[in-house]
Amino acid sequence: MTDISAHTRTRTLKSVDDLIAAGLLSAVPAAGLDAVADRYAIAVTPAMAVLIDPTDTSDPIARQFLPTVAELAATPGETSDPIGDAKHEKVPGLVHRYPDRVLLKLTHACPVYCRFCFRREMVGPGGAQMLDTPSLAAALAYIAADPAIFEVILTGGDPLMLAPRRIAEISQALAAIPHVQVLRWHSRVPVVAPERITPALVDALRVEGKAVFVGLHTNHARELTPAARVAIARLIDGGIPLLSQTVLLAGVNDTAEVMAELMRTLVSLRIKPYYLHHMDQAPGTGHFRTTIAAGQELMRVLRGTLSGLAQPVYVLDIAGGVAKVPILPNYLEPDGQVRAPDGTLYPDPERG
Ligand code: SF4
């Protein structure tokens, strides 16, 4: 754990100079980072800053949050909107990609800015951060007008950056729509800014008569600090089940050992592992990308190691907003043989 200065323990670091002053970057490797900072937002919360070991070039927390010049390198296929939000945006802030659910993007602000973010061209302090009142009203009207919408996924940015009072207002407005049965808040806050998970916030999230979930974005077991565990328990004990979302990141969690530890830790904290995302083609993120074959091999090891409860579904968002599809390894060969996790082939059980 880093011995950082007192002000860093209470303040989010938001610039290259802040990171140098905190001892997380040295001035020499920081050369060239101003161009990165001009293009992509920087924020490292106290909860994450104290986990970073600046002397370890392979530190998985540093890799997720500290800017590098590698972000200026373009890789073929990268695009500013890799999952095609714009194509499916029906009114400002509302994305309707699948018939029974919508995304409602409440804010462009996040407590941290992840260096691999799939919405990195949209999030950050530039421009309007919160969805304005007329746009929110239009989004609620759109949802109310379509009885096929069963689930609303609150996202951003990070929607748990909103004040509890605002979260309660939005929850109640959605709860008043009879066909909306599920509210799912996607957030990194319980991990990266656990102090924000107050009893007032939990109260704001709870809605009488509707199912409310939090989808927690976490990528490494070290992120699940004692403070994060308190925040997670507060949500779950408050009646809000948690699912996890993890991004497969080269140099962070792309070994079976690291991923298994994360999944086991999540289950031990009562969080159901949900998705393991293959990296989207966001600009300047090539240094985080693994191959799908490597991800499938990792999943094959997990299947042979962890209980079913601890298995995430490995998924890929087909570029351009086509759809999210599972890309798990195949255990059934074209000739009907079944492949065990260790690679051994067994006869088709129906053919004997
Ligand atoms: S918290 Fe989520 S939306 Fe915000 S920068 Fe990280 S990945 Fe992107």
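Residues numbered from 1 in each chain as written. Predicted model: local features only at pLDDT ≥ 70, side-chain atom pairs only at ≥ 80, totals over all residues. Heavy atoms only, no water.

1. What to know about the domain arrangement of the protein
Note the threshold: Note that domain bounds follow an automatic or database assignment of domains. Two residues qualify as a contact provided that any one of their heavy atoms is within 4.5 Å of a heavy atom in the partner residue. Note on definitions: buried area is the accessible-area loss of two parts on being combined, 1.4 Å probe, summed for both. Basic side-chain nitrogens of Lys or Arg form a salt bridge, by our definition, when they fall within 4 Å of a carboxyl oxygen of Asp or Glu. Identification of polar contacts relies on pairs of N or O atoms within 3.5 Å, with a donor-acceptor requirement for protein atoms, meaning one able to donate a hydrogen and the other able to accept it, and with residues adjacent in sequence counted only if both atoms are side-chain atoms. Here a strand is any run of E in DSSP of at least two residues, a helix any run of H or I of at least four, and the numbering for each starts at the N terminus. Polarity classes work like this: nonpolar for Ala, Val, Leu, Ile, Met, Phe, Trp, Tyr, Cys and Pro, charged for Asp, Glu, Lys and Arg, and polar for all others, with Gly in that last group.
Splitting the protein by domain gives domain 1 (6-72) and domain 2 (86-326). On a C-alpha basis, the centres of domain 1 and domain 2 stand 24 Å from each other. Between domain 1 and domain 2, the residue contacts involve 25 residues of the former and 28 residues of the latter. When the two sides are added together, the surface that domain 1 and domain 2 hide from each other amounts to roughly 2100 Å², 55% of it contributed by carbon and sulfur. Linking domain 1 with domain 2 are four salt bridges, by the criterion used here. Close ionic contact of Glu71 with Arg120 constitutes a salt bridge, the shortest N to O distance being 2.5 Å. Across the domain 1-domain 2 interface, the total number found is 13 residue pairs in polar contact (both at pLDDT 80 or more). Those elements that provide at least two residues to the side of domain 1 that touches domain 2 are helix 2 (33-39), helix 3 (46-49) and helix 4 (60-65). With five residues, helix 4 is the single largest residue contributor to the side of domain 1 that touches domain 2. When the residues that make up the side of domain 1 that touches domain 2 are grouped by side-chain class, the tally is 16 nonpolar, five polar and four charged.

2. Concerning the packing of aromatic side chains
Convention followed: A pair of Phe, Tyr and Trp rings is counted when the ring centres sit within 6.5 Å of each other, with Trp represented by its six-membered ring. The angle between the planes then sorts it: under 30 degrees is stacked, over 60 is edge-to-face, the rest tilted. Note on classification: 1.4 Å probe, protein chains only; a residue is buried when its accessible area is under 20% of the maximum for its type, exposed when over 50%, partly exposed between these limits. Geometrically, a lysine NZ or arginine CZ counts as sitting over a ring once it is within 6 Å of the ring centre and also within 35 degrees of the ring normal.
Scanning all chains against the criterion turns up two aromatic pairs. Look at Phe116 and Phe288: their rings are 5.6 Å apart centre to centre, the planes differ by 75 degrees, and that puts the pair in the edge-to-face class. Pair noted here: Phe116 is in the loop between strand 3 (101-105) and helix 5 (133-145) and Phe288 is in the loop between strand 8 (271-277) and helix 11 (292-305), with a separation of 172 residues, a long-range link. Residues Phe116 and Phe288 agree in their burial class; the two are buried. Aromatic pair Tyr274 and Tyr275: ring centres 4.1 Å apart, planes at 20 degrees, arrangement stacked. A relative accessible area of 25% means that Tyr274 is categorised as partly exposed. Taking the relative accessible area as the measure of exposure, Tyr275 reaches 17% and is therefore buried. The ring of Tyr40 is capped by Arg120, whose NZ or CZ atom sits 3.6 Å from the centre of that ring. One cation-aromatic arrangement involves Arg300 over Tyr331; the distance from NZ or CZ to the ring centre is 5.6 Å.

3. Comments concerning the nonpolar core
What counts is decided by this rule: By convention a nonpolar core is built from buried Ala, Val, Leu, Ile, Met, Phe, Trp, Tyr and Cys residues, the set being connected through side-chain atoms within 4.5 Å.
Of all hydrophobic cores here, the largest spans 88 residues; its most connected members are Met48, Val152 and Trp185. Counting residues per element, this core draws most heavily on helix 10 (residues 256-268), which supplies five residues. Looking at which domains feed residues into this core, each of domain 1 (6-72) and domain 2 (86-326) gives three or more. In terms of nonpolar packing, the next biggest core, distinct from the first, is built from seven residues, Ala109, Cys110, Tyr113 and Val123 among them.

4. So, the environment of Ala227
Summarising the element assignment, Ala227 is placed in helix 9 (residues 226-237). The exposure class of Ala227 is partly exposed, given its relative accessible area of 43%. In this structure the C-alpha to C-alpha distance between Ala227 and Ala47, which are 180 residues apart in sequence, comes to 8.4 Å.

5. Some points on the sheet that holds strand 1 (residues 89-91)
The condition is simple: Strands are treated as partners if at least two bridges between them are detected by DSSP. An axis is simply a line fitted to the C-alpha atoms; with a helix, the fit covers only the stretch in contact. Between two such axes, the angle follows the N-to-C directions and lies from 0 to 180 degrees.
Judged by pairing direction, the sheet is mixed, and its 10 strands sit side by side in the order 1-2-3-4-5-6-7-8-9-10 without closing on themselves. What marks the edges here is a single partner per strand, and that holds for strand 1 and strand 10 (324-326). Taking each pair of neighbouring strands and ignoring which way they run, the sheet shows an average axis angle of 30 degrees. Bridge count for strand 7 (residues 242-247) against strand 8 is six bridges, and the pairing is parallel. Its bridge partner lying in strand 8, Gln245 is registered against Tyr275. Packing against the sheet, helix 5 makes contact with strand 1, strand 2 (94-98), strand 3 and strand 4 (151-155), and its axis sits at approximately 30 degrees to strand 2. Set on the sheet, helix 10 makes contact with strand 7 and strand 8; between it and strand 8 the angle comes to about 145 degrees.

6. Quick look at the environment of Ser268
One can find Ser268 in helix 10. On the accessibility criterion, Ser268 (54% relative accessible area) is exposed. A sequence separation of 28 residues divides Ser268 from Gln296, and the C-alpha atoms of the two residues are 24 Å apart.

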